[in-house]
Amino acid sequence: MARAAVLGRLTWHLANVVELVDETPRVRSIALDVPDWAGHRAGQHVDVRLTAEDGYQAQRSYSIASAPEQPHLVLTVERLDDGEVSPYLVDELQPGDKLELRGPVGGYFVWTVEVGGPVLLVAGGSGVVPLMAMVRHRVGLGDGTPFRLLFSSRSLDEVIYRDELDRLAADDGIEVVHTLTRSQPDGWTGYARRIDEQMLREVSWPAAEQPRVYICGPTRLVESVASTLVALGHDPDRVKTERFGPTGG
Amino acid sequence: MEDADLRLDGNAAAGMFGEIFALELTSARARCASCGTIAELGAEPMYVHAPGIVVRCRNCDDVMIVAVHGGGRYWLGFTGTSWIEAREPL
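Keep in mind that what you see is a predicted model, and the values were worked out from it rather than measured.

Turning our eyes to something else, we now look at the overall build of chain A. Across its full length, chain A holds six helices and eleven strands. On C-alpha atoms alone, chain A measures out to a radius of gyration of 18 Å, which is about the 18 Å that the 2.2 N^0.38 rule sets for 249 residues. By principal-axis analysis of the C-alpha atoms, chain A measures approximately 50 × 50 × 35 Å. Considering chain A as a whole, with its 249 residues, one finds that 50% of them fall into the buried category. In chain A, the share of contacts with a sequence separation of at least 24, taken over all contacts with a separation of at least 6, comes to 71%. A total accessible area of about 11400 Å² is found for chain A, and carbon and sulfur atoms account for 46% of it.

Below is the structure:
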């Protein structure tokens, strides 16, 4: 009982913006210093709250991109042009600004070493963010769990973390398979279509090897991939999903 | 926009649950009162376009949890949930 008693309520923190990195023309990573941050697990998210001068508040959830052992808390945010929060975070925020957030929240879509593997990650667009925290965590620990990422993007320019993923594939044994659904550069030999059953058969470990599967992205992609994997014999309890919905805001 | 586009996972309720409960509920297992299916709440389909959030059973689609926050209060309905099994805080 004593342990439950010391668990604090979910409270808002004032984070300092340390660094901003443009990942693609629409996507930016925000490195934060959060005083008294209690730490997080790979796959968790935070709630971010913006307050206008007239007191109006808007709140959205963003996945944490950084591994627990990294020095800063990093969020990676995609600008949704009709959003209330993301245009500010992607276009206006400057180093030295303050940002209100609370968390980490969520204990379901989480990978830790104890969960084991092999681990199949399936991402659509900015759905790669919580999966990247898992990849970075696996690499940061020097852990040898087999990791394979199937990553659907519209075009090569829109591949988030492209250089880092290339590096991790070359140096750290993370297998990365891209599919580019809308346009492909000259000479592209990879997949060039939406994720389908054939692609999942080719990329995934068979169900008999009992991979842990994490799928994150737009709702339709997530549901299509999850139901296909279950139809291929994967245990639904090993197929974890995080749907972004049609938009995030 | 269709309902399917607006479907999220119970995982998306982590912030609101965290405001209310000391235990982490998205990784807690819950039993559907209608069909008896047991799953982690984070895995259940959830709808957020109602005035609050509605968590449904992934098997039979019956409502398991309704939660509304506004005007300085929370309204919580658990009629569709037989029980919840949550871990002690880490």
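Read on, since the account is not over.
Let us now look at the overall build of chain B. When its secondary structure is counted, chain B shows one helix and eight strands. Reading the helices (α) and strands (β) of chain B from amino to carboxyl end gives β-α-β-β-β-β-β-β-β. Over its C-alpha atoms chain B spans a radius of gyration of 12 Å, differing by no more than 12% from the 12 Å that the globule rule assigns to 90 residues. Counting every position in chain B, which comprises 90 residues, the buried fraction comes to 41%. Counting only contacts in chain B whose residues sit at least 6 apart along the sequence, the fraction spanning at least 24 positions is 50%. With the model as given, the accessible surface of chain B reaches about 4500 Å², and the carbon-plus-sulfur share is 51%. Across chain B, 7 positive and 12 negative side-chain charges occur, with their mean positions spaced 5 Å apart.

Moving on to the side chain of Ser29(A). Residues and elements named next belong to chain A. Among the secondary structure elements, Ser-29 is positioned in strand E2 (residues 27-33). Among the polar contacts listed, one links the side chain of Ser-29 to the side chain of Glu-23, at a separation of 2.5 Å. Excluding anything up to four places from it in sequence, Ser-29 contacts Glu-19, Leu-20, Val-21, Glu-23, Val-74, Leu-75, Thr-76 and Tyr-161.

On to the interface of chain B and chain A. Chain B puts 25 residues into the contact, and the matching count from chain A is 26 residues. Taking both sides of the interface into account, the surface hidden between chain B and chain A amounts to around 2100 Å²; carbon and sulfur atoms contribute 45%. Glu223(A) is the salt-bridge partner of Arg7(B), the closest N and O atoms lying 2.6 Å from each other. Viewed at the interface, chain A and chain B are joined by eleven residue pairs in polar contact (both at pLDDT 80 or more). Going through the elements one at a time, strand E1 (7-9) and helix H1 (14-20) of chain B are the ones with two or more residues in the side of chain B that touches chain A. With five residues, the single largest contributor to the side of chain B that touches chain A is H1(B).

Turning our eyes to something else, we now look at the domain arrangement of chain A. All names here are of chain A. What the domain assignment lists for chain A is domain 1 (13-105) and domain 2 (113-248). Measuring from the centre of the C-alpha atoms in domain 1 to the corresponding centre in domain 2 gives 23 Å. Taken together, the contact between domain 1 and domain 2 spans 21 residues of the former and 19 residues of the latter. Of the roughly 1500 Å² buried at the junction of domain 1 and domain 2 (both faces included), carbon and sulfur atoms supply 58%. Across the contact surface, domain 1 and domain 2 share zero salt bridges. Broken down by secondary-structure element, the contributors of at least two residues to the side of domain 1 that touches domain 2 are strand E1 (12-24), E2, strand E4 (57-63) and strand E5 (73-78). Considering only residue class, the side of domain 1 that touches domain 2 consists of eight nonpolar, eight polar and five charged.

What follows covers the nonpolar core. All names here are of chain A. The biggest cluster of nonpolar side chains holds 31 residues, and the ones touching the most others in it are Leu-121, Leu-131 and Met-134. Sorting the residues of this core by element identifies E2, strand E7 (119-124), helix H3 (128-141), strand E8 (147-153), helix H4 (162-171) and strand E10 (212-217) as the ones contributing at least two each. With seven residues, H3 is the largest single contributor of residues to this core. Residue assignment places this core across two domains, with domain 1 (13-105) and domain 2 (113-248) each supplying three or more. Counting 21 residues, the second largest nonpolar core, distinct from the first, contains Ala-58, Val-85, Val-90 and Leu-101.

Residue Gly103(A) is joined to Pro104(A) through a cis peptide bond whose omega torsion reads 0°. Residue placement: Pro104(A) occurs in strand E6 (residues 98-105). Cis geometry is adopted by the peptide bond preceding Pro118(A), which originates at Gly117(A) and carries an omega value of 0°. With respect to the secondary-structure elements, Pro118(A) resides in the loop between E6 and E7. Of note in this structure, Asp36(A) is not a glycine but carries a positive phi near 65°. Phi at Asp61(B) takes a positive value of approximately 70°, unusual for a residue other than glycine. Considering the arrangement of structural elements, one finds Asp61(B) in the loop between strand E5 (53-56) and strand E6 (63-70). When its relative accessible area of 38% is taken as the criterion, Asp61(B) is described as partly exposed.

How each quantity is defined
Residues numbered from 1 in each chain as written. Chains lettered and ligands numbered in written order. Predicted model: local features only at pLDDT ≥ 70, side-chain atom pairs only at ≥ 80, totals over all residues. Heavy atoms only, no water. Helix = DSSP H or I, 4+ residues; strand = E, 2+ residues; numbered from the N terminus. Rg over C-alpha atoms; globule rule 2.2 N^0.38 Å. Buried < 20%, exposed > 50% of the residue type's maximum accessible area, 1.4 Å probe, protein only. Contact = heavy atoms within 4.5 Å. Areas by Shrake-Rupley, 256 points an atom, 1.4 Å probe, with all protein chains shown as cover. Lys, Arg positive; Asp, Glu negative; His and termini not counted. Charge placed at Lys NZ, Arg CZ, Asp CG, Glu CD. Polar contact = N/O pair within 3.5 Å; in protein donor to acceptor, adjacent residues only side chain to side chain. Buried area = accessible area lost by both parts, 1.4 Å probe. Salt bridge = Lys/Arg side-chain N within 4 Å of Asp/Glu carboxyl O. Domains from an automatic or database assignment. Nonpolar A, V, L, I, M, F, W, Y, C, P; charged D, E, K, R; others polar. Core = buried A, V, L, I, M, F, W, Y, C linked by side-chain atoms within 4.5 Å.

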